[in-house]
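Residue-level structural notes
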Amino acid sequence: GTDYKRTIATEARSAAKIPLGAILRIIPTSPETNASGVAMQQAMSIGTFLTAIESQASPELLRALEGDFFLGLHQLAGKLSSVLIIPVNSYERAFAGMLAWEPTMNGDLSPIFTAVPSQTTNERGLLVGREFQDELINNYDVRVLRDDFGAIQMLYSFPTRSMLIISESPYSFTEALSRLRANRQI
């Protein structure tokens, strides 16, 4: 799980220079043997991927997500931002599953996504669990996870009832939306 995540993150981030604004697609694969007994690499489904990285996403959430998904790195000025676009077959189960996954989602997706400490200090200086908050970006309801400086480090949204976007950056989220709109997928 951890080795697999590290391999994806290292290989992706050491890939050839990605032009500013471009999104490099990463296709996680697993070894398969075809009917003729030939070993080959097979693109993973989202469920297989989340299981391979040992995420704590619930079985209900995994069932609410379609198999095909998009994992990409968006080149921002001097920083690569991860973005996941996942088709959804049950909005209600997916939404409930995402809320339940929030406490471990950032750690589960790290180092593919930037890690944020799971605890922060409250106004009284006491350690408390870091939580996602509701926000509005481009008129879309999003749940955001901020670092200690107030910067968004992870967000997710359902731009339609049949699509989930998880992103490291509001800019990558906005870019994913515009590309999905251009392809008439939302």
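Worth saying up front: this structure is predicted, and the values here are computed from it rather than measured.

Turning our attention to the side chain of Ser81. Considering the arrangement of structural elements, one finds Ser81 in strand β5 (residues 79-87). On the accessibility criterion, Ser81 (0% relative accessible area) is buried. Among the polar contacts listed, one links the side chain of Ser81 to the backbone nitrogen of Ser169, at a separation of 3.5 Å. In this structure the side chain of Ser81 is engaged in a polar contact, spanning 2.8 Å, whose partner is the side chain of Ser172.

Counting across every chain of the model gives eight salt bridges. With a closest N to O distance of 3.1 Å, Lys79 and Glu168 form a salt bridge. One end of the pair, Lys79, is in strand β5; the other, Glu168, is in the loop between β11 (163-167) and α5 (170-182), and 89 residues separate them in sequence. Accessibility expressed as a relative area gives 34% for Lys79, which makes it partly exposed. Taking the shortest distance from any N to any O, the salt bridge between Arg143 and Asp134 comes out at 2.9 Å. For Arg143, a relative accessible area of 15% translates into the label buried. Of the residues examined, Asp134 reaches a relative accessible area of 61% and is grouped as exposed. Salt bridges sharing partners connect three or more residues here, namely Glu102, Asp134 and Arg143.

The end-to-end C-alpha distance of helix α4 (residues 91-109), which contains 19 residues, comes to just 21 Å, noticeably less than the 27 Å that a straight helix rising 1.5 Å per residue would cover. Remark: the principal bend of α4, roughly 70 degrees, maps to Glu102, with a proline, Pro103, within the next four residues. Taken together, the buried positions of α4 are occupied by Ala94, Gly97, Met98, Trp101, Glu102, Met105, Asn106, Asp108 and Leu109.

This part takes up the pairing of β11. Burial analysis of β11 places five of its five residues in the buried class, the great majority of the element. The alternating pattern of β11 places Met163, Ile165 and Ser167 on one face and Leu164 and Ile166 on the opposite face, and all of these are buried. In the sheet, β5 pairs with β11 via five bridges, with the strands oriented antiparallel. By the bridge assignment for β11, Val83 is matched with Ser167.

What follows deals with the nonpolar core. Phe49, Leu109 and Ile166 are the most contacted members of the largest nonpolar core, which has 34 residues in total. Listing elements by their share of this core, those giving two or more residues are α2 (46-52), α3 (59-64), β4 (70-76), β5, α4, β10 (152-160) and β11. With five residues, α4 is the largest single contributor of residues to this core. When neighbours within four sequence positions are excluded, Leu109 is seen to be in contact with Leu50, Ile53, Leu84, Trp101, Met154 and Ile166.

Reading the values: the criteria
Residues numbered from 1 in each chain as written. Predicted model: local features only at pLDDT ≥ 70, side-chain atom pairs only at ≥ 80, totals over all residues. Heavy atoms only, no water. Helix = DSSP H or I, 4+ residues; strand = E, 2+ residues; numbered from the N terminus. Buried < 20%, exposed > 50% of the residue type's maximum accessible area, 1.4 Å probe, protein only. Polar contact = N/O pair within 3.5 Å; in protein donor to acceptor, adjacent residues only side chain to side chain. Salt bridge = Lys/Arg side-chain N within 4 Å of Asp/Glu carboxyl O. Expected span 1.5 Å × (residues − 1). Bend = angle between axes of the 7 residues up to and from the residue. Pairing = 2+ DSSP bridges. Core = buried A, V, L, I, M, F, W, Y, C linked by side-chain atoms within 4.5 Å. Contact = heavy atoms within 4.5 Å.

Note that all results are geometric; they support no functional claim without further evidence.
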